[in-house]
Amino acid sequence: MSFQTFSLHQLGWQAEYARLLTLADFDAGYPARVMAVHRSGLAVLSSRGAMAVALPHALAESGGVAVGDWVLVEHEADRALRVLDRRSLLSRVAAGGDHRRQPIAANLDALFVVSSCNDDFNPSRLERYLALALDAGVLPVVVLTKADLGEDAADYVAAAEQLMPGLSVLAVNALDEASVSQLGPWLTPGKTVAFVGSSGVGKSTLANHLTGAAMQRTAGIREDDARGRHTTTAREMFPTPGGAWVIDTPGMRELRVAVGEAELGAVFDDIDALATQCRFGDCRHEGDAGCAVEAAVADGALDARRLSNYRKLQRESAHAQRSLREQHEHSRQFNAVVTQAMRVKKEKLGR
Ligand SMILES: Nc1nc2c(ncn2[C@@H]2O[C@H](COP(=O)(O)OP(=O)(O)OP(=O)(O)O)[C@@H](O)[C@H]2O)c(=O)[nH]1
Ligand SMILES: [Mg+2]
Ligand SMILES: [Zn+2]
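Only a predicted model underlies this, so the values are computations on that prediction, with no experimental measurement involved. (Residues numbered from 1 in each chain as written. Chains lettered and ligands numbered in written order. Predicted model: local features only at pLDDT ≥ 70, side-chain atom pairs only at ≥ 80, totals over all residues. Heavy atoms only, no water.)

1. Some words on the coordination of the zinc ion (ligand 3)
Every protein donor of the zinc ion (ligand 3) is listed here as Cys278 (SG), Cys283 (SG), His285 (ND1) and Cys291 (SG), and their distances to the metal cover 2.1 to 2.4 Å. One can describe the site at the zinc ion (ligand 3) as tetrahedral: its four donor atoms subtend angles covering 106 to 113° at the metal. (Donors = N, O, S within 2.8 Å, 3.2 Å for Na, K, Ca; no water. Tetrahedral: all angles 85-135°; square planar, octahedral: opposite > 155°, others 65-115°.)

2. Some points on the packing of aromatic side chains
Within this structure, the stated rule accounts for eight aromatic pairs. A centroid spacing of 5.3 Å and a plane angle of 50° characterise the contact between tryptophan 13 and tyrosine 17, whose relative ring orientation is tilted. Just as tryptophan 13 is buried, tyrosine 17 falls in that class too. Clustering of aromatic rings is evident, with ring pairs tying together Trp13, Tyr17 and Trp70. The positively charged end of arginine 48 is found above the aromatic ring belonging to tyrosine 30, 3.7 Å away from the centroid. (Phe/Tyr/Trp six-rings, centres within 6.5 Å; stacked < 30°, edge-to-face > 60°. Buried < 20%, exposed > 50% of the residue type's maximum accessible area, 1.4 Å probe, protein only. Lys NZ or Arg CZ within 6 Å of the ring centre and 35° of its normal.)

3. A few points about the pattern of salt bridges
For the structure shown, the criterion picks out 11 salt bridges. Here glutamate 316 makes a salt bridge to arginine 128, at a shortest N to O gap of 2.8 Å. Pair noted here: glutamate 316 is in helix α11 (residues 304-350) and arginine 128 is in helix α4 (residues 123-136), with a separation of 188 residues, a long-range link. Residue glutamate 286 is joined to arginine 284 by a salt bridge in which the shortest nitrogen-to-oxygen separation is 3.2 Å. (Salt bridge = Lys/Arg side-chain N within 4 Å of Asp/Glu carboxyl O. Helix = DSSP H or I, 4+ residues; strand = E, 2+ residues; numbered from the N terminus.)

4. Details of the nonpolar core
Among the nonpolar cores identified, the biggest contains 60 residues, and Leu90, Leu108, Leu111, Val142 and Leu144 are the most heavily contacted of them. Looking at this core, the element that brings in the most residues is α4, giving seven residues. Those residues in contact with leucine 90, other than ones at most four positions away along the chain, are Gln102, Pro103, Ile104, Ala105, Leu108, Leu111, Leu132, Ala136 and Val196. In this structure, Ala110, Leu170, Leu187 and Phe195 belong to the second largest nonpolar core, which totals 20 residues. (Core = buried A, V, L, I, M, F, W, Y, C linked by side-chain atoms within 4.5 Å. Contact = heavy atoms within 4.5 Å.)

Next up, the structure:
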């Protein structure tokens, strides 16, 4: 596939990036946007067109490079020199014990959190995605697909709107172009959006409509469990005819989060507001006297599920952050020991 050339502005360049580059940077290289991350290197687009550039090991290791990133590409060398500071970064906690953050997509303007008007609809999972978006610094928009398959799409929309104050929720038939045009307001020129959600909910179907081509594979859904097979395997960014940028992602089976307290609190703003009305400032909302949160659960104003999911996400985030801190501390101590050992060795050799 060949790309036409794009100006930096069309690629989503923002004035704030220019401030991150020094004259020395411009002498060394030029900015390019990462369209895809491959094991062998990066596919980038710049005002010079599409190119494959090498990704030095050190750069890949230090925080990684994500689709949507801006990199400085060395003049005449086709090699990425560094990643420019991100405006937003969507990341997940890696599977396995080490709680490392895996970058998913960078410099997003909106995150379409996709679920369907069927068994896939799960408020706790959606809250998890909303927290992920806020933590990434991205505006979440909930898109509920398969509105054509049932009559109760409005019920799903109403339920989703309860999940965060001011949340935009759209019900669509992803197979219908006119219905998909509801996403238009978030797809203005130079804006970058990504789709996340479980496998089979229609992320690629939506992305294909927007980019005007079947560039991502889609798969038929299995009727039995309302889940599709995993069909999207790579993360790539594609332009829409209107000048926006779209990133499709593979369905995530497990999404662990490590979200900041403030970001989590923004999703669960209603609970935090109730908590200010508890009799005691240090109320744990666990049988404490005069607890406004538990009173709200008792009289049906607050969903017990929502309260328990808030607690779960708080615990999970605290745990992941503690684990990251410990690792950081460990590697700091380790480096100190190594540095000391090398110094001793050098001194010995010097004598
Ligand atoms: N009727 C109907 N079918 C849909 C809708 N959205 C998606 N589908 C179908 O659901 C199946 C799965 O869609 P995909 O777009 O591949 O799902 P995905 O989210 O990209 O899945 P992964 O790539 O596995 O994460 C396809 O057969 C689509 O045609 C919708 O709104 N209505
Ligand atoms: Mg897909
Ligand atoms: Zn309380």
